[in-house]
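The lines below spell out each chain.
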Amino acid sequence: MSKDEDWAADLRRYAMRRPFLKEQSIWPIWLYRRGRRIDGMAPGLGRRLATALYWSLYRVIETASGITLPKSARVGPGLRIWHFGNVIIHSDAVIGANCTLRHGVTIGTREENGPVPVIGDDADIGAYAQILGGVRVGNGCRIGAMSVVLCDVPDGATAVGAPARIIAARRDAAAGAA
Ligand SMILES: CC(=O)SCCNC(=O)CCNC(=O)[C@H](O)C(C)(C)COP(=O)(O)OP(=O)(O)OC[C@H]1O[C@@H](n2cnc3c(N)ncnc32)[C@H](O)[C@@H]1OP(=O)(O)O
Ligand SMILES: N[C@@H](CO)C(=O)O
């Protein structure tokens with residue numbers, strides 16, 4: 001198999017020697033990238049065997065890391081997940097390049113079978129933030145710890161609170177009014 005550039009970018013975000021021994025959050029990211037590549041294989045025995053191995057590892061790694069990252073989600077290169085556990089990413093979620101998640105983050109629906117978030121590039125999402133429904137979190141956004149994001153967050157903005165309010169946009173408006 002050729003080099004996986006997305007995985008290489010993930011590894012760069014971990015920026016340490018032997019990250020597999022130091023941070024279990026890298027295990028589901030590794031499996032996610034492998035799973036995406038398996039889905040791209042030509043149909044046949046090799047793909048069937050690889051898929052069976054993928055699913056065998058999936059529940060083990062999900063349980064050991066506390067991170068649910070299905071291969072059907074779309075995640076750009078350079079994903080970084082800080083710390084352990086309770087990270088749940090919906091199977092239809094979209095996450096851009098170079099995003100940072102922390103423990104406790106949910107990216108999912110507001111109701112069963114509802115729409116799911118689309119997160120842009122370079123998003124920085126604080127611990128236990130919940131991003132729910134068909135919202136768009138723009139490029140370069142920051143989401144505060146424990147926030148519940150139920151609305152779109154414009155590019156570069158910061159959202160905090162439950163439900164989340166946009167504080168960076170408020171500041172821009174205040175600066176313009178001064
Ligand atoms: C082991 C570990 O360390 S794990 C690391 C865990 N850390 C995280 O997850 C970091 C997440 N970061 C945050 O939540 C930060 O507070 C940020 C990124 C939202 C801060 O953004 P800033 O633009 O610097 O905001 P600033 O600190 O100036 O606060 C602005 C307002 O937002 C409020 N605010 C900041 N963070 C939050 C939050 N998480 N939830 C609710 N309100 C918040 C502040 O109280 C302040 O309110 P006010 O204007 O009414 O006084
Ligand atoms: N550097 C870490 C703190 O442990 C983070 O950003 O979550």
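Everything in this summary refers to the structure shown in the same document.

Cut-off values and rules
- Residues numbered from 1 in each chain as written.
- Chains lettered and ligands numbered in written order.
- Predicted model: local features only at pLDDT ≥ 70, side-chain atom pairs only at ≥ 80, totals over all residues.
- Heavy atoms only, no water.
- Near = heavy atom within 4 Å.
- Polar contact = N/O pair within 3.5 Å; in protein donor to acceptor, adjacent residues only side chain to side chain.
- Areas by Shrake-Rupley, 256 points an atom, 1.4 Å probe, with all protein chains shown as cover.
- Salt bridge = Lys/Arg side-chain N within 4 Å of Asp/Glu carboxyl O.
- Helix = DSSP H or I, 4+ residues; strand = E, 2+ residues; numbered from the N terminus.
- Buried < 20%, exposed > 50% of the residue type's maximum accessible area, 1.4 Å probe, protein only.
- Phe/Tyr/Trp six-rings, centres within 6.5 Å; stacked < 30°, edge-to-face > 60°.

### Some details on the site of ligand 2
Stage number 1. Every residue near ligand 2 is listed here: Trp82, His83 and Arg102.
Stage number 2. In this structure, Arg102 approaches ligand 2 through a side-chain N or O atom, which is 2.6 Å from an oxygen atom.
Stage number 3. Burial of ligand 2 by the surrounding chains reaches 55%, relative to a free accessible area of 230 Å².

### Examining the pattern of salt bridges
Oppositely charged side chains can pair when the atoms bearing their charge come close.
Stage number 1. In the structure shown here, the tally under the stated rule is seven salt bridges.
Stage number 2. Arg33 is the partner of Asp6 in a salt bridge, and the nearest nitrogen-oxygen pair spans 3.8 Å. With Asp6 in helix H1 (residues 5-14) and Arg33 in helix H3 (residues 26-39), this pair connects stretches of sequence that are 27 residues apart.
Stage number 3. Look at Arg33 and you get buried, because its relative accessible area is 4%.
Stage number 4. The closest approach of N and O atoms between Arg102 and Asp124, which form a salt bridge, is 2.8 Å. Within this pair, whereas Arg102 is found in strand E6 (residues 100-102), its partner Asp124 is found in strand E9 (residues 124-125), the two being separated by 22 residues in sequence.
Stage number 5. Taken together, the shared-partner salt bridges in this structure form one network comprising Asp6, Asp10 and Arg33.

### Overview of the packing of aromatic side chains
The geometry of an aromatic ring pair is captured by two quantities: the separation of the ring centres and the angle between the planes.
Stage number 1. Taken as a whole and assessed by the stated rule, the structure comprises five aromatic pairs.
Stage number 2. Residues Phe20 and Trp30 carry aromatic rings whose centres are separated by 6.5 Å and whose planes lie at 80° to one another, so their mutual orientation is edge-to-face. With Phe20 in helix H2 (residues 19-22) and Trp30 in helix H3, this residue pair connects regions lying 10 residues apart in the sequence.
Stage number 3. Phe20 sits in the partly exposed class, given a relative accessible area of 34%.

So far we have only geometry, and geometry alone does not tell us how the molecule works.
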